[in-house]
Amino acid sequence: MPAVSKGDGMRGLAVFISDIRNCKSKEAEIKRINKELANIRSKFKGDKALDGYSKKKYVCKLLFIFLLGHDIDFGHMEAVNLLSSNKYTEKQIGYLFISVLVNSNSELIRLINNAIKNDLSSRNPTFMCLALHCIANVGSREMAEAFASEIPRILVAGDTMDSVKQSAALCLLRLYKTSPDLVLMGEWTSRVVHLLNDQHMGVVTAAISLITCLSQKNPDEFKTCVSLAVSRLSRIVSSASTDLQDYTYYFVPAPWLSCKLLRLLQCYPPPEDGAVKGRLVECLETILNKAQEPPKSKKVQHSNAKNAILFEAISLIIHYDSEPNLLVRACNQLGQFLQHRETNLRYLALESMCTLASSEFSHEAVKTHIETVINALKTERDVSVRQRAADLLYAMCDRSNAKQIVAEMLSYLETADYSIREEMVLKVAILAEKYAVDYSWYVDTILNLIRIAGDYVSEEVWYRVIQIVINRDDVQGYAAKTVFEALQAPACHENMVKVGGYILGEFGNLIAGDPRSSPLVQFNLLHSKFHLCSVPTRALLLSAYIKFINLFPETKVTIQEVLRCDSQIRNSDVELQQRAVEYLKLSSIASTDVLATVLEEMPPFPERESSILAKLKKKKGPGAVSVTDLEDSKREGGEVNGGSDRTPDTAAMAASNASTPSPSADLLGIRSAAPIGAAPASSGSLLVDVFSEAGPAAPASAVNDDGFLRFVCKNNGVLFENQLLQIGIKSEYRQNLGRMYLFYGNKTSVQFASFTTTVTCPGELWPQLNVQTKPVEPLVEGGAQIQQVLNIECLTDFSDAPLLNIKFRYGGALQNLTLKMPVTINKFFQPTEMTSHDFFQRWKQLSQPQQEAQKIFKANHSMDTEILKAKLLGLGTALLDNVDPNPENYVCAGVIQTKNQQVGCLLRLEPNAQAQMYRLTLRCSKDSVSRRLCELLAQQF
């Protein structure tokens, strides 16, 4: 770039800036600016033509005034005129002014584009760079339309200078991000990819940013970049710091380029070519080896550059998840960082190890660092690092260390930061249930949890412990005894009173033989907490009292006196008053047999997915739920505790059949109680198999699609579960490619033999969808889980779904199951951000009748705003804010990526809360997609 000559200094500009800085008040500054604006306006309008220097000076002053926060409404034409100058400084100021002040809708855009074209064709590298910088800075659609086809030619031309190639690559990247539909590489693809072999490292660094972005959208077109990237990475990694002197940063060769290359490789699966894969593995091993070498400099820049490459390499190793040796080495390297004096390194190490813990190859290696992680949880000063330590403990937990980890988490809860206590409580509750070796330990853990952090124990947690106690006869007596002892503490949390009231009301008779816990002692203990509790808890205690009358007739008189007192039958709260009156009447007029029938022990709860997981998954941040925790229990419509699960207060309410449930009671599922005398459901927890020994299930004879619709707007969760088998699913999609992980869990203690899975594409689906599967292990041990990976490629739009057939032998009997896999066309959406103007302009363009699909339907689930937004985001589209004139409506935009074409889709959802109705409208560039999406989505809301 040419140097500025001595005569190019603008004295008038320097004086003006000095005057502004010397102003004593805002008013003085405005007065000086207005005076200067008047002078500039008169100069521009004067008869005397201004020379280039004067124009440049005055345009600079206008630019400075604009940067001070004042509006500029003139001078644009003079700036455009500067573009035709042959002097670098004048042209530079012209482009600078245009980049900052000219709107993309300006009438001058055509003149600016002409000037840019002239500079691009001038072959003057300095002028070409200025023009490219201006295009990138403005980045408007008009400029993309004008230059998107020209810039790739400049980029790959053999006579283009290196500095221009760098600018062209970054300019093209900017245009692609703003207008991807206009930047079509086509014939230039292979030549752009081969820029990775360019001799100039700056060109390679700029080109790789462009290629990475293009690869994310069109991976197939750019897959040849993998071998070139590995080759370039190998040359950098194996070079000495003296080989790349111009690009060595504190003894680290080309760190930025190395990171970009490693990030590019994360866009693709492991190379299929054995030689390329071997070379890449060698590169990763070299990076891990260099991390072990003594530092060549004590400066922080050296360690930052070195560690940046290391962490990017570890991310690639985790992404591939196919090299056990590298995964273990990466884990060991991260383990060294756990005690590093640099806080950021400790944080990053914990975060990366959370992901490593989910890999079957590195899980055991991660577990070896448990003591270090526990120490970090106790001693770290930074709360964010402590939170990552808690996440890692959660991720590394299994049957072998569950008791230790849960105990440490409980210990930490007593002093934990308030910001993470609720999340910690949920994690302890999940782990206690998932890895419970006996029920007494589980009950002790949850009660201890309530004692330590009662304010942060959500309803889902104590609902769950009651469900488990109800469903297991062998733990009921122990639970009653334990909760009775816990209630004797002077300061007892209200959640403990709720659990105690319910369990003693149901199973107090199991401990009534001990004089220390006689019926009256139990009642007096509960009633001593009554006046300290909130209205819902008092209502639950009244239900427990009427249960006591059935269990212990000797307490009838005492309890009736409590129910008869004015504070109950004349209570200002309608719910408490109604319960007191009805329970009093029921105990007075009903015979012993009738009372025993109405108030008999609750039947087992039907097993549902644990809602504790759904609560935890709402927490943001890495490590909130590990990859192995595939149970996604967030039910449609915002149901509490797994949908139709009853809450503990269901007992007496369902039994009495006398009171009308309040709205809050209905929210908790009062009307969905299981009928009395219902057969006990399987007591196996959805989280794991530790809660039951289930018998064999009958072979399936038809396709099971119960779980299919639940996965339209989510990618992770439990696809299927019966008494024998649990199938979890975790999937991720990028452009037209997808990868699905299926987890088959044996819930029994008996081995599954001849375990086989087959994926088929029925009917017309096979030319539309390509599904490749990896074989699974034929033996699944009792209580074990195996994983299967599926690679999915969308060739064109489709409406059907592939079928998964599972066969295995259990106890000599052949089990046969066929499931509909949750692969729908919306999984291949790429979100598209649009302005209101662009959205409705595109909406009008898609106006042909066959392009629109519309459905008006009754709301099937809750119309809660946050739930609706979560579902629309889960659909895969971009949720556009402030676009629809009606703020109650939701609009979305996205592009479905298939191998053969792209299908643009616009969505408009209009809810009517009063009528509990929706109108759903979809407009797509392909009519079959509109109809299919409309069918899928109408069942989600």
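Predicted, not measured: the structure shown is a model, and the values here were computed from it. (Residues numbered from 1 in each chain as written. Predicted model: local features only at pLDDT ≥ 70, side-chain atom pairs only at ≥ 80, totals over all residues. Heavy atoms only, no water.)

## A few points about the overall build of the protein chain
Item 1. Within the protein chain, the regular secondary structure consists of 39 helices and 17 strands.
Item 2. Residues classed as buried in the protein chain amount to 55% of the 941 residues present.
Item 3. Expressed as a percentage of contacts within the protein chain between residues at least 6 apart in sequence, the contacts between residues at least 24 apart total 69%.
Item 4. Within the structure as shown, the protein chain displays about 41600 Å² of accessible surface, and the carbon and sulfur contribution to it stands at 50%. (Helix = DSSP H or I, 4+ residues; strand = E, 2+ residues; numbered from the N terminus. Buried < 20%, exposed > 50% of the residue type's maximum accessible area, 1.4 Å probe, protein only. Contact = heavy atoms within 4.5 Å. Areas by Shrake-Rupley, 256 points an atom, 1.4 Å probe, with all protein chains shown as cover.)

## Side note on the environment of Leu244
Item 1. Positionally, Leu244 belongs in the loop between α13 (225-237) and β1 (248-249).
Item 2. Non-local contacts of Leu244, meaning those with residues more than four positions away in its chain, are made with Met201, Ser239 and Pro253.

## Re the packing of aromatic side chains
Item 1. Taken as a whole and assessed by the stated rule, the structure comprises 20 aromatic pairs.
Item 2. With centroids separated by 5.7 Å and ring planes inclined at 20°, the aromatic side chains of Phe839 and Trp843 adopt a geometry described as stacked. With a gap of four residues between them, Phe839 and Trp843 both fall in helix α37 (residues 836-845), about one helical turn apart.
Item 3. The structure contains a cluster of three or more aromatic residues connected by ring pairs, namely Tyr744, Phe752, Phe755, Phe808 and Tyr810.
Item 4. A cation sits over an aromatic face here: Arg41 above Phe74, 4.2 Å from the ring centre.
Item 5. Directly above the ring of Phe711 sits Lys714, whose terminal nitrogen or CZ lies 5.2 Å from the centroid. (Phe/Tyr/Trp six-rings, centres within 6.5 Å; stacked < 30°, edge-to-face > 60°. Lys NZ or Arg CZ within 6 Å of the ring centre and 35° of its normal.)

## Some remarks on the pairing of strand β4 (residues 716-721)
Item 1. In this sheet, strand β5 (residues 725-734) lies alongside β4 in antiparallel orientation, the contact comprising five bridges. Note that in β5 the partner of Glu721 across the bridge is Gln726.
Item 2. Counting the residues in the hairpin turn of β4 and β5 gives three residues. (Pairing = 2+ DSSP bridges.)

## Some details on the nonpolar core
Item 1. Among the nonpolar cores identified, the biggest contains 201 residues, and Ile116 and Leu449 are the most heavily contacted of them.
Item 2. For Leu449, the contacting residues outside a window of four places in its chain are Leu410, Leu413, Val425, Val428, Ala429, Gly454, Val457 and Val461.
Item 3. Ile825, Leu868, Leu907 and Leu909 belong to the second-largest nonpolar core, a separate cluster that totals 64 residues. (Core = buried A, V, L, I, M, F, W, Y, C linked by side-chain atoms within 4.5 Å.)

## As for the packing of helix α3 (residues 52-67) against helix α5 (residues 88-101)
Item 1. In contact at an axis separation of 10 Å, α3 and α5 are set at 30° when each is read in the N-to-C sense. Here α3 is positioned roughly parallel relative to α5, judged by the angle of their axes. Between α3 and α5 lies a crossing of left-handed hand. Judged by residue contacts, Gly52, Tyr53, Lys56, Val59, Cys60, Leu62, Leu63 and Phe66 of α3 engage Thr89, Glu90, Ile93, Leu96, Phe97, Val100 and Leu101 from α5.
Item 2. Residue composition of the contact of α3 with α5, grouped by class: eleven nonpolar, two polar and two charged. (Axes fitted to C-alpha atoms, helices over the stretch in contact; angles between N-to-C directions. Parallel < 35°, antiparallel > 145°, perpendicular 65-115°, else oblique. Left-handed = near helix turned anticlockwise from the far one by under 90°. Nonpolar A, V, L, I, M, F, W, Y, C, P; charged D, E, K, R; others polar.)

## As for the pattern of salt bridges
Item 1. Enumeration according to the criterion identifies 34 salt bridges in this entry.
Item 2. We note a salt bridge from Lys61 to Glu36, for which the minimum N-O separation is 2.9 Å. Of the two residues, Lys61 sits in helix α3 while Glu36 sits in helix α2 (residues 26-45), which places them 25 residues apart along the sequence. This pair shows no difference in class: Lys61 is buried, exactly as Glu36 is. (Salt bridge = Lys/Arg side-chain N within 4 Å of Asp/Glu carboxyl O.)

## A short note on the environment of Val406
Item 1. Relative to the elements of secondary structure, Val406 occurs in helix α22 (residues 402-413).
Item 2. Among residues more than four places away in sequence, those in contact with Val406 are Val428, Leu431, Ala432, Trp441 and Thr445.

## What to know about the packing of helix α15 (residues 274-292) against helix α16 (residues 300-320)
Item 1. Taken N-terminus to C-terminus, the directions of α15 and α16 make an angle of 140°; their axes are 10 Å apart at the nearest point. Viewed along their axes, α15 and α16 adopt a mutual orientation that is oblique. Considering how the two elements wind past one another, α15 and α16 form a crossing that is left-handed. Residue-level contacts link Leu280, Leu284, Ile287, Leu288, Lys290 and Ala291 of α15 to Lys306, Ile309, Leu310, Ala313, Ile314, Leu316, Ile317 and Tyr320 of α16.
Item 2. Taken together, the residues of the contact of α15 with α16 break down into twelve nonpolar, no polar and two charged.

## Notes on the environment of Glu459
Item 1. Structurally, Glu459 is set in helix α25 (residues 459-471).
Item 2. Classification of Glu459 as partly exposed rests on a relative accessible area of 36%.
Item 3. Linking Glu459 and Lys498, residues 39 residues apart in sequence, is a C-alpha distance of 10.0 Å.

## Notes on the confidence of the model for the protein chain
Item 1. Here the protein chain averages 82 in pLDDT, and 88% of its residues register 70 or above.
Item 2. Per-residue pLDDT stays below 50 along residues 1-7; that stretch engages in five contacts with residues further than four places along the chain or on separate chains.
Item 3. Low pLDDT, under 50, characterises residues 620-701; the stretch is placed with 232 contacts to residues that sit more than four places away or in other chains. (pLDDT = per-residue confidence, 0-100.)

## What to know about the sheet that holds β5
Item 1. Spatial strand order, β4-β5-β6-β9-β8: five strands in an open sheet with antiparallel pairing. Of all strands in the sheet, those with a lone pairing partner are β4 and β8 (769-773), marking the two edges. Taken pair by pair, the neighbouring strands of this sheet meet at an average axis angle of 25°, ignoring direction.
Item 2. Sheet topology note: the strand β6 (residues 737-746)/strand β9 (residues 785-794) ladder contains nine bridges and is antiparallel. Bridged to Met740 within β9 is Leu790.

## So, helix α29 (residues 535-551)
Item 1. For α29, spanning 17 residues, the distance from its first C-alpha to its last is 24 Å, which sits close to the expected 24 Å at 1.5 Å a residue.
Item 2. In terms of burial, α29 is a largely internal element, 13 of the 17 residues being buried. (Expected span 1.5 Å × (residues − 1).)

## Quick look at the sheet that holds strand β7 (residues 753-760)
Item 1. With mixed pairing, four strands are arranged side by side in an open sheet as β3-β11-β10-β7. With one partner strand each, in any of the chains shown, β3 (703-704) and β7 form the two edges of the open sheet.

## Remarks on a nonpolar patch on the surface
Item 1. Taken together, the side chains of Leu67, Leu96 and Val100 define a hydrophobic patch exposed on the protein surface, amounting to about 270 Å² of accessible area.
Item 2. Inspection of the secondary structure puts Leu67 in helix α3.
Item 3. Judged by its relative accessible area of 61%, Leu67 falls in the exposed class. (Patch = residues over 30% accessible without salt bridge, like charges linked within 9 Å, V, L, I, M, F, W, Y side chains within 5 Å.)

## Side note on unusual backbone geometry
Item 1. A positive phi is found at Ser754, a non-glycine position, where the angle reads about 55°.
Item 2. Classification of Ser754 by relative accessible area gives partly exposed; the value is 44%.
Item 3. Here the phi dihedral of Gln916 falls at roughly 55°; this positive angle occurs in a residue that is not glycine.
Item 4. Relative to the helices and strands, Gln916 resides in the loop between β16 (902-912) and β17 (917-924).

## A closer look at α3
Item 1. Between its first and last C-alpha, α3 extends 22 Å over 16 residues, near the 22 Å set by a 1.5 Å rise per residue.
Item 2. Residues of α3 that are buried include every one of Ser54, Lys56, Lys57, Tyr58, Val59, Cys60, Lys61, Leu62, Leu63 and Ile65, and no others.
Item 3. If you follow the buried residues of α3, they end up packed against α1 (11-22), α2, α4 (76-82) and α5.
Item 4. Just downstream of α3, Gly69 is the residue with a positive phi angle, here 105°.

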